[in-house]
Amino acid sequence: MGIRINGQDVNAPGDARVSLLELLRDELQLTGTKVGCNQGACGACTVLVDGERVLSCLMLAVQADGRAVTTIEGLGDAGQLSALQAAFIAHDGLQCGYCTPGQICAATAMLREVDAGVPSYISTDLTSHPVLTRDEVRERMSGNLCRCGAHNGIVDAIMQVAAERAA
Amino acid sequence: MTPLTYHRAATVQQAMQLAGVAGRRPLGGGTNLIDLMRKGIEQPSGLVDVSGLSNQITPTPGGGLMIGAATKNSALAAHPLVRAHYPMLARALLAGASAQIRNMATVGGNVLQRTRCLYFQDAAASRCNKRLPGSGCDAHGGFNRYHAVIGGSSSCIATHPSDMCVALAALDAVVHVADRGGERTIGLVDLHRLPGERPDIDTVLEPGELIVAIELPRSPFDGPSAYRKVRDRASYAFALVAVAAGLEMRGDTISEIRIAFGGVAAKPWRALRAEAVLRGGPATSDAFERAFEAEFAHAAPPEGAAYKIELARRTLVAILSKLSGSTQ
């Protein structure tokens, strides 16, 4: 086995204590993924594992053995921004930028969850396909904190991308 | 974190064998256990990853659902049968943690998560009988607005943090446990212990036992059920008070009712006394108030959590008023 990270296979670490976050940043120099609280409260370390958003600080790297990990580096780069990356810039969805990789990884998966019809705590009807309102975005993105307070721009950016996808 | 070994279990038998070594712990998603290991509160010598065991959600002959313990919280909340027939459970799951954590956390691990009491979490500087038996409890007389108002003891007033378990308690869920002799079942409401003099023991599980599935009986309601969670911010916070409730009306009479509270005790608090007051009677504010009084007559909140009594009362009355269609 091995961990497929942004399309490349790497060996799981021999020391089971190494978190996925530590593997990404300290071993592989994929420093786009950020260390925030390191205890599952802020979302800065969000990455995608098999397409689903998870917190890399609360996952041991060995748990990801045999699975595919996508980090912010795997979603786009300066030459080819993803739609969400471009929208975050256009809407000032950041100030210091520290939470941004986690926000964008989370939003990438969140839009797929909506496409799949997954409801949120505030969805009125649990059995019908959810409608992505601003309040829905805020609820679904509540696991990602922004201490600069750029949330309005973040919601604007996500709403724009959601509208483009629906068009 | 202390050095440890990591093992993956492909079958329940293998998991039992691997976890039978002293010091080893089963690992579901790890969202609670890995955090506690980093804080030095849990120090297993090895982890047995059971996230590859059953994550199937299958209808039972009795009209209920069997949920593999490795099912992710997000998968259970999104399942069409859960959303259609157990809305209070779907809503409780969706009220818990964040989308990222729900994608990681397993159903079995959710049940066995440990308290978020600040003093339990602070291994460096706080006394805690749950973490270190006999050391004392700094929550008594400390910052205790998140603490238990019912069922606590002089040793411990920590609460159980799960949202999912509150709905499971209301729904009469049954926990399937593998032990060396085979399998046994425990009612979810009987799984978690009240602290008494042994707050270090969270549940009635014996060492070596492993939760393999949660069984939901057929839903007792055709009508709506709900989960209402009150917290310090609108999302991504533990409950101050939560209520899972469902009821069925026959004319002007409540024919069936289920109520459970979260955030008030060391276990999800099934409110059988309140249910008994309401079953067979009218759905009025007065009846809801009497039901609450019956349930919380012996509540003994610490000073900081006294507000929870009024909060729980109002939350119960509001949710029952909405479900029964009576004006409030």
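All figures in this text were calculated on a predicted structure; none of them were measured in a lab.

## Some remarks on the overall build of chain B
And step 1. A count of helical and extended segments in chain B gives 13 helices and twelve strands.
And step 2. Expected size for 328 residues packed as a compact globule is a radius of gyration near 20 Å; at 20 Å, chain B falls within 12% of this value.
And step 3. Along the three orthogonal principal directions, the C-alpha set of chain B runs to about 60 × 50 × 35 Å.
And step 4. A burial count over chain B gives 53% of its 328 residues as buried.
And step 5. Sequence-distant contacts in chain B: of pairs separated by 6 or more residues, those separated by 24 or more amount to 62%.

## Observations regarding the overall build of chain A
And step 1. Helices and strands together make up the secondary structure of chain A, namely six helices and five strands.
And step 2. Mapped from its N terminus to its C terminus, chain A presents α and β elements in the order β-β-α-β-β-β-α-α-α-α-α.
And step 3. Taken against the 2.2 N^0.38 rule, which gives 15 Å for 167 residues, the C-alpha radius of gyration of chain A at 16 Å falls within 12% of a compact globule.
And step 4. For chain A, the spread of C-alpha atoms along the principal axes amounts to about 45 × 35 × 30 Å.
And step 5. Counting over 167 residues, chain A shows a buried share of 49%.
And step 6. Taking the contacts inside chain A whose residues are at least 6 apart along the sequence as the reference set, 61% of them involve residues at least 24 apart.

## Considerations on the sheet that holds strand β2 (residues 8-10) of chain A
By definition, the strands of a sheet pair up through backbone hydrogen bonds, in either a parallel or an antiparallel sense.
All names here are of chain A.
And step 1. Reading across from one edge, β2-β1-β5-β3-β4 is the order of the five strands in this open sheet, with mixed pairing throughout. Only two strands of the sheet have a single neighbouring strand rather than two, namely β2 and β4 (52-55). Sheet twist, expressed as the average angle between the axes of neighbouring strands with direction ignored, equals 35 degrees.
And step 2. Bridge count between strand β1 (residues 3-5) and β2: three bridges; the pairing is antiparallel.

## Details of the sheet that holds strand β10 (residues 241-250) of chain B
Residues and elements named next belong to chain B.
And step 1. The strand order β9-β10-β11-β12 describes an open sheet built from four strands, whose pairing is antiparallel. Looking at the sheet topology across the chains shown, the edges are occupied by β9 (225-230) and β12 (269-270).
And step 2. Examined bridge by bridge, strand β11 (residues 253-262) and β12 share two bridges and lie antiparallel to one another. Bridge pairing in β12 places Ala 260 opposite Arg 270.
And step 3. Running over the sheet, helix α5 (residues 87-95) touches β9 and β10 and is turned about 25 degrees from β9.
And step 4. Most of the contacts of helix α13 (residues 307-324) go to β10, to which it runs at about 30 degrees, and overall it touches β9, β10 and β11.

## Examining the domain arrangement of chain A
Residues and elements named next belong to chain A.
And step 1. Structurally, chain A comprises domain 1 (3-75) and domain 2 (83-166).
And step 2. Spacing between the C-alpha centres of domain 1 and domain 2 amounts to 21 Å.
And step 3. Listed by partner, the interface residues are 15 residues for domain 1 and 13 residues for domain 2.
And step 4. Every element with two or more residues in the side of domain 1 that touches domain 2 is listed here: β3 (46-49), β4 and α2 (72-75).
And step 5. Partitioned by chemical class, the residues of the side of domain 1 that touches domain 2 number seven nonpolar, five polar and three charged.

## A word on the domain arrangement of chain B
And step 1. If you check the domain split of chain B, you get domain 1 (5-51) and domain 2 (225-324).
And step 2. Averaged C-alpha coordinates put domain 1 of chain B and domain 2 of chain B at centres separated by 36 Å.

## Digging into the pairing of strand β8 (residues 210-216) of chain B
Residues and elements named next belong to chain B.
And step 1. Of all the seven residues making up β8, six are buried; the element is thus mostly covered by neighbouring parts of the structure.
And step 2. Across four bridges, the pairing between strand β5 (residues 65-68) and β8 is antiparallel. Within β8, the residue paired with Gly 68 across the bridge is Ala 213.
And step 3. Judged from the five bridges that link them, strand β6 (residues 174-179) and β8 form a sheet pairing that is antiparallel.

## Some remarks on unusual backbone geometry
Residues and elements named next belong to chain B.
And step 1. Of note, the phi angle at Asp 172 is positive, near 60 degrees, even though the residue is not glycine.
And step 2. Mapped onto the elements, Asp 172 comes out in the loop between α9 (164-170) and β6.
And step 3. Note on Asp 172: 17 C-beta atoms within 10 Å, which makes it partly exposed.

## Describing α13 of chain B
All names here are of chain B.
And step 1. In this model α13 runs 26 Å from its N-terminal to its C-terminal C-alpha over 18 residues, within 8% of the 26 Å that 1.5 Å per residue would give.
And step 2. Taken together, the buried positions of α13 are Lys 308, Ala 312, Thr 315, Leu 316, Val 317, Ile 319, Leu 320, Leu 323 and Ser 324.
And step 3. On its buried face, α13 is in contact with β9, β10, β11 and α12 (285-296).
And step 4. Count one or two residues on from α13 and you reach Gly 325, which has phi positive near 80 degrees.

## Some words on the interface of chain A and chain B
And step 1. Between chain A and chain B, the contact holds 27 residues from the first and 27 residues from the second.
And step 2. For the side of chain A that touches chain B, the secondary-structure elements that each account for two or more residues are β4, α4 (100-115) and α5 (134-140) of chain A.
And step 3. Counting residues per element, the side of chain A that touches chain B draws most heavily on β4 of chain A, at four residues.
And step 4. By residue class, the composition of the side of chain A that touches chain B is 13 nonpolar, nine polar and five charged.

## Examining the environment of Val 35 of chain A
Residues and elements named next belong to chain A.
And step 1. Structurally, Val 35 can be placed in the loop between α1 (20-27) and β3.
And step 2. Overall, the presence of 17 C-beta atoms within 10 Å leaves Val 35 in the partly exposed class.
And step 3. Sequence separation of Val 35 and Val 47 is twelve residues, and the distance between their C-alpha atoms is 12 Å.
And step 4. Once residues lying within four places of it in the same chain are set aside, the contact partners of Val 35 are Leu 21, Arg 25, Ala 44 and Cys 45.

Each value, and the rule that gives it
Residues numbered from 1 in each chain as written. Chains lettered and ligands numbered in written order. Predicted model: local features only at pLDDT ≥ 70, side-chain atom pairs only at ≥ 80, totals over all residues. Helix = DSSP H or I, 4+ residues; strand = E, 2+ residues; numbered from the N terminus. Rg over C-alpha atoms; globule rule 2.2 N^0.38 Å. Buried ≥ 20, exposed ≤ 12 C-beta atoms within 10 Å, placed from the backbone. Contact = placed C-beta atoms within 7 Å. Pairing = 2+ DSSP bridges. Axes fitted to C-alpha atoms, helices over the stretch in contact; angles between N-to-C directions. Domains from an automatic or database assignment. Nonpolar A, V, L, I, M, F, W, Y, C, P; charged D, E, K, R; others polar. Expected span 1.5 Å × (residues − 1).

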